[in-house]
Amino acid sequence: MTEFWLISAPGEKTCQQTWDKLLTATTRANNLSTNNKFNIPDLKVGTLDVLVGLSDELAKLDAFVESVVKKVAQYMADVLEDSRDKVQENLLANGVDLVTYVTRFQWDMAKYPIKQSLKNISEIISKQVSQIDNDLKTRASAYNNLKGNLQNLERKNAGSLLTRSLADIVKKDDFVLDSEYLITMLVVVPKTNYNDWQRTYETLAEMVVPRSTNLLFEDQDSGLFTVTLFRKAIDDFRLKARENKFTVRDFQYNEEEMKADKEEMTRLSTDKKKQFGPLVRWLKVNFSEAFIAWIHIKALRVFVESVLRYGLPVNFQAMLLQPNKKNMKKLREVLNDLYKHLDSSAAAIIDQSAMDIPGLNLSQQEYYPYVYYKIDCNLLDFK
């Protein structure tokens, strides 16, 4: 279970009492959740107007940063391809797994100085994560183009004889080349029709060279045969071949083109390997940066909403609950019982019209008498 509930409640006589009360209600009696204190430093409060505006901005920033965190995580999975089972060990924050980082959260004073205003801190985060988002788009586009071009070439060299590249199958000796009159053609024949081919190919057009067919290659369903004929009979031969369920491949033997294709494939494959390591390192570093930024936004939101709801002086305890999956409904009921008396306080501070204040997210489904945000560390779409 990687879902956390980040909540806050006002300090009673002390914040420690608020914490003890939560522990008693949720763990000591009934094991509803695993709890940790969530440490938020003494941030600058600012004015009520700024806090209300910031509440709206932080909600949008939270959604944006979460989307970037998920994009980086998902792209890491895409890049690792067959090693997807190693994705989780690469998705770390400050060198530790995500659950450890969240449960032992400490504000990063160097990145987000608390002497700055709340608005400035949110702008630092916004700028930082927007840069990661832009860099990801650029890097992903370059790598995806390279990967796509390589896959196209690989696809050309695989698949059925009807579509695949023939460069690695045919040799110069298989063809009559540089003849003004004769041409060697390649024909795909279903295995079930081999006898028909051998019996009829010489009569499919008037100018087929007798005994000129050879089987060059077989896949699961078909064989690739050569046949030599006069150039003027090509159209007639093609038509009759189709009627007999033989497919003439459009192919001209060109050594330089085939060599260029092989060289291009080698180049793309080498480039992909060269870019892979640095790209994975970049993703690891920037996933960590984005995730850390995201949890700091959660801390900012808890701080702002707690001041808006519980008033000044700042006196609240932020707490991180990891719900026991089987008891989530019961946990919600216990929390509501524990904090239902706060509802009137919230109404007094935020005002009866709070339901209409943009960004406060006080819809019926999301509104609880205590400040609440969800943190889901399961960031990938696949299991």
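Here is what the cut-offs are and how they apply
Residues numbered from 1 in each chain as written. Predicted model: local features only at pLDDT ≥ 70, side-chain atom pairs only at ≥ 80, totals over all residues. Heavy atoms only, no water. Axes fitted to C-alpha atoms, helices over the stretch in contact; angles between N-to-C directions. Helix = DSSP H or I, 4+ residues; strand = E, 2+ residues; numbered from the N terminus. Parallel < 35°, antiparallel > 145°, perpendicular 65-115°, else oblique. Left-handed = near helix turned anticlockwise from the far one by under 90°. Nonpolar A, V, L, I, M, F, W, Y, C, P; charged D, E, K, R; others polar. Core = buried A, V, L, I, M, F, W, Y, C linked by side-chain atoms within 4.5 Å. Buried < 20%, exposed > 50% of the residue type's maximum accessible area, 1.4 Å probe, protein only. Contact = heavy atoms within 4.5 Å. Pairing = 2+ DSSP bridges. pLDDT = per-residue confidence, 0-100. Patch = residues over 30% accessible without salt bridge, like charges linked within 9 Å, V, L, I, M, F, W, Y side chains within 5 Å. Areas by Shrake-Rupley, 256 points an atom, 1.4 Å probe, with all protein chains shown as cover. Salt bridge = Lys/Arg side-chain N within 4 Å of Asp/Glu carboxyl O. Lys, Arg positive; Asp, Glu negative; His and termini not counted. Charge placed at Lys NZ, Arg CZ, Asp CG, Glu CD.

### Some thoughts on the packing of helix 2 (residues 48–80) against helix 8 (residues 255–310)
Then, number 1: Look at helix 2 against helix 8: their axes get within 8 Å of each other, and the N-to-C directions meet at 155 degrees. One way to sum up the angle between helix 2 and helix 8 is to call them roughly antiparallel. Every pair of crossing elements has a handedness; the one defined by helix 2 and helix 8 is left-handed.
Then, number 2: Tallied by class, the residues present in the contact of helix 2 with helix 8 amount to 29 nonpolar, one polar and six charged.

### A few points about the nonpolar core
Then, number 1: Of all hydrophobic cores here, the largest spans 85 residues; its most connected members are Ile7, Ile125, Phe291 and Tyr339.
Then, number 2: Here this core takes 20 residues from helix 8, the largest share from any one element.
Then, number 3: Setting aside chain neighbours within four positions, we find Tyr339 in contact with Ile7, Ala9, Leu22, Met319, Pro369 and Tyr370.
Then, number 4: Grouped together as the second largest cluster of nonpolar side chains are 19 residues, Val189, Phe225, Leu229 and Ala233 included.

### Description of the sheet that holds strand 5 (residues 182–190)
Strand pairing in a sheet relies on backbone hydrogen bonds. The paired strands run either parallel or antiparallel.
Then, number 1: Across the sheet, which stays open at both edges, the four strands sit in the order 6-7-5-8 with antiparallel pairing between neighbours. Looking at which strands have only one partner, the edges of the open sheet turn out to be strand 6 (214–218) and strand 8 (247–249). Averaged over neighbouring strand pairs, the angle between their axes works out to 35 degrees when direction is ignored.
Then, number 2: Both strand 5 and strand 8 contribute to a ladder of three bridges, which runs antiparallel. Opposite Val188, over in strand 8, you have Thr247 as the bridge partner.

### Quick look at the confidence of the model for the protein
Atomic detail in the predicted coordinates should be set aside for any region of low pLDDT.
Then, number 1: Summary statistics for the protein give a mean pLDDT of 90 and a share of 93% for residues scoring 70 or more.
Then, number 2: Every residue in residues 345–365 is under pLDDT 50, and counting partners more than four places away or in other chains gives 32 contacts.

### A short note on a negative patch on the surface
Then, number 1: Together, Glu255, Glu256, Glu257 and Asp261 make up a region of like negative charge exposed at the surface.
Then, number 2: With respect to the element layout, Glu257 can be found in helix 8.

### Overview of the packing of helix 1 (residues 15–28) against helix 9 (residues 328–339)
The relative placement of two packed helices comes down to the angle between their axes together with the axis-to-axis distance.
Then, number 1: Packing of helix 1 against helix 9 leaves a shortest axis separation of 10 Å and a crossing angle of 145 degrees. The element helix 1 and its partner helix 9 pack so that their crossing is right-handed. On helix 9, the residues touching Lys21, Leu22, Ala25 and Thr26 of helix 1 are Leu331, Val334, Leu335, Leu338 and Tyr339.
Then, number 2: Of the residues belonging to the contact of helix 1 with helix 9, the class tally is seven nonpolar, one polar and one charged.

### Some remarks on the pairing of strand 1 (residues 3–10)
Then, number 1: Counting buried positions along strand 1 yields seven of eight residues, so the element is predominantly enclosed.
Then, number 2: Pairing of strand 1 with strand 10 (residues 371–376) involves six bridges; the strand directions are antiparallel. Bridge pairing in strand 10 links Trp5 to Lys374.
Then, number 3: Where strand 1 and strand 9 (residues 316–323) come together, six bridges link them in antiparallel fashion.

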